[in-house]
Amino acid sequence: GAGPAPRTPFRVLSMVHEVPGNVAPPGDPHALASLDLFVCEGVIGVAENGAIWLPASRLGERAALVLASEVVIVLARSAIVADMHAAYATVDVSAEPFGVFLAGPSKTADIEQSLVIGAHGATTVTVVLLDE
């Protein structure tokens, strides 16, 4: 027999200098459709709900956030605030063309009332806290 099909390389796009990736930010976001892992840096973490503020300047190609199978966010532990009120007091939404508070992997229970994880984005979101 021909044996198992060759495994495609694990595709990683990293916007964090210390974490090497093997995919360059493309000119066309459609090129990220088969992205396995996206690594980016968060700016503010919210203890109340686990949300992390991700402005456009830290994302590079923002489509990677929803096209990657898995997302890793690097966040300084000192950037965690108590609640959304404190986060909004810190965020300058006019400073960026785009930003999002991400609070975990995509989930929906609209499909036949069954919980589906990753229906509209990543199946996992991992936060790595750094002490500075």
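Before reading on, note that the structure itself is shown above.
It should be emphasised that the depicted structure is a prediction, and the values quoted were computed from it without experimental measurement.

Caption draft 1: Spatial organisation of the sheet that holds strand E4 (residues 52-55). Taken together, the four strands give an open sheet; going across it, the order is E6-E3-E4-E7, and neighbouring strands pair in mixed fashion. Taken across any chain shown, the strands that pair with only one partner, and hence form the sheet edges, are strand E6 (80-81) and strand E7 (99-102).

Caption draft 2: View of the packing of aromatic side chains. A complete count under the given rule lists two aromatic pairs for this structure. Here Trp53 and Phe101 contribute two aromatic rings whose centre-to-centre distance is 5.0 Å and whose plane-to-plane angle is 50°, an arrangement assigned as tilted. On the criterion of sequence distance, the pair formed by Trp53 in strand E4 and Phe101 in strand E7 is long-range, its members being 48 residues apart. Consider the rings of Tyr88 and Phe101, whose centres lie 5.5 Å apart with planes at 70°: the pair is edge-to-face. Separated by 13 residues along the polypeptide, Tyr88 in helix H3 (residues 84-90) and Phe101 in strand E7 bring together distant segments of the chain. Aromatic rings pair up to connect Trp53, Tyr88 and Phe101 into one cluster.

Caption draft 3: Main features of a nonpolar patch on the surface. Taken together, the side chains of Ile80, Val127 and Leu129 define a hydrophobic patch exposed on the protein surface, amounting to about 200 Å² of accessible area. By the secondary structure assignment, Val127 is in strand E10 (residues 124-130).

Caption draft 4: Representation of the sheet that holds strand E5 (residues 70-76) in the model. Spatially, E1-E2-E5-E10 is the arrangement adopted by the four strands of the open sheet, whose pairing is parallel. Taken across any chain shown, the strands that pair with only one partner, and hence form the sheet edges, are strand E1 (12-14) and E10. Each strand axis lies, on average, 15° off the axis of its neighbour in the sheet, ignoring direction. With five bridges joining them, strand E2 (residues 37-41) and E5 adopt parallel strand pairing. Of the residues in E5, the one forming a bridge with Cys40 is Ile73.

Caption draft 5: The arrangement of the layout of surface pockets in detail. Quantified by volume, the largest pocket comes out at close to 160 Å³. Along the walls of the largest pocket sit 13 residues, with Val16, Glu41, Val74, Leu75 and Leu130 positioned nearest its centre. At three residues, the largest contribution of residues to the lining of the largest pocket is made by E5. The class makeup of the residues in the lining of the largest pocket is eight nonpolar, one polar and four charged.

Caption draft 6: Broad picture of the side chain of Ser14. Relative to the elements of secondary structure, Ser14 occurs in strand E1. Residue Ser14 is classed as buried on the basis of its relative accessible area, which comes to 17%. Separated by 3.0 Å, the side chain of Ser14 and the backbone oxygen of Val16 make a polar contact. Here the side chain of Ser14 touches Val19 through a polar contact of 2.6 Å, landing on its backbone oxygen.

Caption draft 7: Representation of the pattern of salt bridges in the model. Applying the stated criterion to the full structure yields two salt bridges. A salt bridge links Asp131 to Arg77, with the shortest nitrogen-to-oxygen separation between them at 2.6 Å. Note that Asp131 is positioned in the segment after E10 and Arg77 in the loop between E5 and E6, a separation of 54 residues in sequence. On the basis of relative accessibility, which here comes to 60%, the residue Asp131 falls in the exposed class.

How each quantity is defined
Residues numbered from 1 in each chain as written. Predicted model: local features only at pLDDT ≥ 70, side-chain atom pairs only at ≥ 80, totals over all residues. Heavy atoms only, no water. Pairing = 2+ DSSP bridges. Helix = DSSP H or I, 4+ residues; strand = E, 2+ residues; numbered from the N terminus. Phe/Tyr/Trp six-rings, centres within 6.5 Å; stacked < 30°, edge-to-face > 60°. Patch = residues over 30% accessible without salt bridge, like charges linked within 9 Å, V, L, I, M, F, W, Y side chains within 5 Å. Areas by Shrake-Rupley, 256 points an atom, 1.4 Å probe, with all protein chains shown as cover. Salt bridge = Lys/Arg side-chain N within 4 Å of Asp/Glu carboxyl O. Axes fitted to C-alpha atoms, helices over the stretch in contact; angles between N-to-C directions. 1 Å grid on protein atoms, 1.4 Å probe; cavity = no way out; pocket = protein on both sides within 12 Å on 5 of 7 lines; lining within 4 Å. Points joined across faces, edges and corners; volume = space filled by probe spheres on them. Nonpolar A, V, L, I, M, F, W, Y, C, P; charged D, E, K, R; others polar. Buried < 20%, exposed > 50% of the residue type's maximum accessible area, 1.4 Å probe, protein only. Polar contact = N/O pair within 3.5 Å; in protein donor to acceptor, adjacent residues only side chain to side chain.

Distances and angles like these do not, on their own, reveal function.
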